[in-house]
Amino acid sequence: MKVLVLGGVAAGTKVAAKLLREDRSCEVTVLTKGRDISYAGCGLPYYVGGVIQEKSELIVNTPEKFASLTGARVLTQTEATAVKPAEHKVIARDLQSGEEQEYSYDKLVIATGASPFLPPVQGLDLQNVFVMRTLDDAIALREALEGGGIKRAVVAGGGFIGLEVAENLAAKGVKTTVIDFAPHVLPNFLDPELCEYVENKMADAGIMPMTGVSLEGVEGSGKVEKVLTSKRAMKADALVLAIGIRPNTAFLEGSGIEMFKGTILTDAHMRTNVANIYAAGDCAMVTSRQTGKPAWSPMGSTANIAGRILAENLAGKDVSYPGVLGTGVAKLPGGLNAGRTGLTETAARAEGFDVVTATAAVDDKAHYYPGSGVLLIKLTADRTSRKLLGVQVLGPGAVDKVTDIAVTAISLGAAVDQLAGLDFAYAPPFSTAIHPFATALNVLLNKMDGGMESVTPAEYAAGAAEGCEIVDCGRAPFLEGRRYLGLGSIDGPVEGLGRDDKILLVCNKGKQAYLVQNRLKFYGYTNTKVLEGGAAATEVE
């Protein structure tokens with residue numbers, strides 16, 4: 001069987017390598033536009049910042065090494081320009097000679113990835129305008145930094161790549177501003193109140209987020225000197241574009257391959273609507289495991305999983321991709337890590353779920369162990385079925401642990417009740433005696449079962465505490481000018497607090513407030529609310 005693979009980074013090389021392990025008799029040819037194949041695109045920001053010292057560390061395989069290891073034929077700097085399904089042929093151009101050639105196939109795999117979106121504004125041809133997609137892009141930015149001419153930079157785009165680049169620029173002593181047209185950084189990845197938490201941490205780290213702002217141009221004499229936005233102009237020595245990516249599928253026009261917004265639609269076997277043509281990676285749609293709807297997941301993890309499944313199907317197996325959960329983790333500015341899987345509260349409501357959420361601020365390991373920190377965990381569940389729908393987690397520690405627990409739970413369709421009491425690993429350097437995920441789960445269960453009545457950070461921001469007396473119930477007083485009520489002082493009615501008074505109980509993380517509410521309920525107080533996550537999640541005046 002003659003298999004032609006278009007694209008040689010994540011999905012394309014995974015298909016080629018796995019297929020030749022499954023069936024050595026296949027004749028596999030990989031055509032790729034770039035000079036490099038199989039490079040670690042997710043590591044590019046860290047090469048810019050010097051965390052990864054040598055560019056060779058980002059190259060998983062050279063074309064020669066990959067061909068030797070797998071048996072695939074690899075042709076670099078060869079760009080597909082047209083697909084002719086009726087003839088089982090692809091037209092491709094040699095980018096060095098300019099010559100075009102036909103390549104025949106029995107099965108075609110499209111894994112051409114995506115390219116950075118370049119907005120239609122003036123000045124993008126100036127020196128020190130960068131994108132961050134290929135190894136050459138990262139090398140160019142790092143060389144410019146090492147040249148010493150970049151003191152101030154603007155990053156356009158507040159997604160993963162933009163924030164990772166911003167963190168690494170700041171680590172190099174560059175005064176960095178991040179702009180984004182969306183209302184918040186990490187739009188669609190986190191709920192708005194958690195986005196604000198990230199923005200506050202960025203500002204604390206000296207990286208200024210400017211949201212609701214569009215890029216309008218760049219000015220300078222030969223190189224970047226000023227970045228123009230819809231809000232104001234900013235002096236800058238460099239602009240890094242991380243606004244988004246667009247699938248590399250323009251060459252498929254007229255092929256009959258079905259697409260949505262330029263992204264190839266596939267079924268669970270990674271097949272397109274055209275016989276003998278498959279697709280995977282950033283150029284292709286997959287499906288949402290939770291909704292069954294088409295989903296675009298331009299992640300290295302998705303590309304590798306989809307590529308492996310595609311190869312198994314080419315080899316004659318019957319393997320389905322169950323879909324993605326929108327899982328992601330990122331290292332962000334301000335010493336913050338972020339993780340998410342499943343549906344956010346915003347997305348779950350849009351899908352029609354009867355949503356209940358809980359936000360908890362919990363220790364990530366034993367509080368007395370050096371290096372311990374606080375995780376902010378938000379769980380989303382369906383009130384009717386009690387199924388876990390999603391998790392969002394922020395903190396300096398291992399957010400991936402909490403995220404991956406939730407991946408497993410959601411993938412297996414677990415209800416929150418089934419997750420209670422799970423035997424998680426514990427030792428002081430790694431976790432708390434009750435695991436952080438389990439603690440957040442207990443908060444959610446208490447809320448769902450009526451044991452805790454609360455206000456979420458989002459509800460507080462929307463004014464849910466209006467008319468309430470805010471009572472400080474931390475282990476020690478910390479809210480200036482507020483009544484303080486320590487847990488140990490409650491052994492009956494509290495002087496000055498009526499049993500039906502509207503009271504918002506606030507502590508540092510939320511736990512003490514819950515304990516105070518529990519005790520006040522015993523003494524007949526009927527209208528208390530706990531601020532979920534306490535002051536760790538919400539600034540309370």
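The structure presented is a predicted model; accordingly, all values stated were derived computationally and were not measured. (Residues numbered from 1 in each chain as written. Predicted model: local features only at pLDDT ≥ 70, side-chain atom pairs only at ≥ 80, totals over all residues. Heavy atoms only, no water.)

Read from one edge of the open sheet, 5 strands run E5-E2-E1-E9-E22, paired in parallel fashion. Two strands in the sheet have a free side with no partner beyond their single neighbour: strand E5 (73-75) and strand E22 (277-279). Sheet twist, expressed as the mean angle between neighbouring strand axes with direction ignored, is 20°. One ladder, built from 4 bridges, connects strand E1 (residues 2-6) with strand E9 (residues 107-110); its direction is parallel. (Pairing = 2+ DSSP bridges. Helix = DSSP H or I, 4+ residues; strand = E, 2+ residues; numbered from the N terminus. Axes fitted to C-alpha atoms, helices over the stretch in contact; angles between N-to-C directions.)

For the rest of this paragraph, the subject is unusual backbone geometry. With a phi close to 50°, Leu186 is a non-glycine residue in the positive phi region. Note on placement: Leu186 falls in the loop between strand E13 (175-180) and helix H6 (192-204).

Further remarks concern the pattern of salt bridges. A side chain of one charge can pair with a side chain of the opposite charge if their charged atoms are brought near each other. Within this structure, the stated rule accounts for 23 salt bridges. One salt bridge connects Lys378 with Asp191, and the closest N-O pair in it is separated by 2.9 Å. Here Asp191 lies in the loop between E13 and H6 and Lys378 lies in strand E28 (residues 374-382), a separation of 187 residues in the sequence. In this structure, Asp363 engages Lys509 in a salt bridge whose closest nitrogen and oxygen atoms are separated by 2.6 Å. In this pair, Asp363 sits in strand E27 (residues 355-363) while Lys509 sits in the loop between strand E33 (503-506) and helix H13 (511-522), placing the two residues 146 residues apart along the sequence. Classification of Lys509 as partly exposed rests on a relative accessible area of 31%. Sharing partners across several salt bridges, the network here consists of Asp191, Glu193, Glu345, Arg349 and Lys378. (Salt bridge = Lys/Arg side-chain N within 4 Å of Asp/Glu carboxyl O. Buried < 20%, exposed > 50% of the residue type's maximum accessible area, 1.4 Å probe, protein only.)

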